[in-house]
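Structural characterization, general
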Amino acid sequence: MIEACGVHRTFGGVSVLRGVDLAVRAGELVTLSGPSGSGKTALLSLLCGFDLPDRGSVLPGPASWSACAVLPQSLGLASELTLEENVALPLRLAGREVAGVTELLAELGIGHLAARFPAQVSFGQQQRAALARAVIARPAALLADEPTAHLDAVSAVAAVGLLRRAADEGAAVLIATHHDAVHEAADRVLVLADGQVS
Ligand SMILES: Nc1ncnc2c1ncn2[C@@H]1O[C@H](COP(=O)(O)OP(=O)(O)OP(=O)(O)O)[C@@H](O)[C@H]1O
């Protein structure tokens, strides 16, 4: 479950989020649209615990952060690990068997780059690796910020397919995006405008 209840956040005197309420249930893929600068990234940062609300509450909270995967715009791949090692990391950290990495990279069209380091591939290729890392451990909640921003049409279809599958397998998935192809795969589309979600 992903949830925001009465969330407020102000930056430098500017009230960006003004009483945001939303809920994404297990098995649901919900997209968040809204003009550039409306606060989508700020909201995702609160939902995943990167930031704290001035007022209101969010889920997942600290007790369930380990079951939450985040795909930030900055990707956050470990530069000293290969793409394959990056994708395997959530499984290793959880003490689980490493399986499915090769298949996932192939599905996203970057199987041939598995042994390269992030700095040796394009940003769009890094973005696909970060997406694979976000879904590999089957998180209960998945927050993705513009996951198709640097992808061509074919790669975007593969990425959206993967996010849809994560929801179909039971994850609560929330995606901030400007892309119609992602909205079309969603169960619901939310709009963030004037500090509130509708
Ligand atoms: N840490 C911060 N400090 C100061 N201002 C911030 C901070 N984070 C966000 N803001 C401001 O909050 C507003 C919303 O920013 P945010 O990045 O959340 O928008 P967005 O909807 O994700 O935009 P885009 O679609 O361009 O990615 C902007 O005016 C931004 O400058």
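Before reading further, recall that the structure is shown in the block above.
The text that follows walks through the structure, step by step, so that each part is easy to find.

Conventions adopted
Residues numbered from 1 in each chain as written. Predicted model: local features only at pLDDT ≥ 70, side-chain atom pairs only at ≥ 80, totals over all residues. Helix = DSSP H or I, 4+ residues; strand = E, 2+ residues; numbered from the N terminus. Buried ≥ 20, exposed ≤ 12 C-beta atoms within 10 Å, placed from the backbone. Pairing = 2+ DSSP bridges. Contact = placed C-beta atoms within 7 Å. Axes fitted to C-alpha atoms, helices over the stretch in contact; angles between N-to-C directions.

**Brief notes about unusual backbone geometry**
Between Leu-59 and the following residue, Pro-60, the backbone shows a cis peptide bond with an omega angle of 0°. Inspection of the secondary structure assignment puts Pro-60 in the loop between β4 (55–59) and β5 (68–71). Of note, the phi angle at Leu-75 is positive, near 70°, even though the residue is not glycine. Topologically, Leu-75 is positioned in the loop between β5 and α2 (83–93). Exposure remark for Leu-75: the 20 C-beta atoms within 10 Å place this residue in the buried category. Positive phi is not limited to glycine here, since Asp-194 has a value of about 50°.

**Side note on the sheet that holds strand β3 (residues 29–33)**
Strands sit in the order β5-β6-β7-β3-β8-β9 across an open sheet of 6 strands; the sheet is mixed. Looking at the sheet topology across the chains shown, the edges are occupied by β5 and β9 (196–197). Most of the contacts of helix α4 (residues 123–135) go to β5, to which it runs at about 170°, and overall it touches β5 and β6 (141–145).

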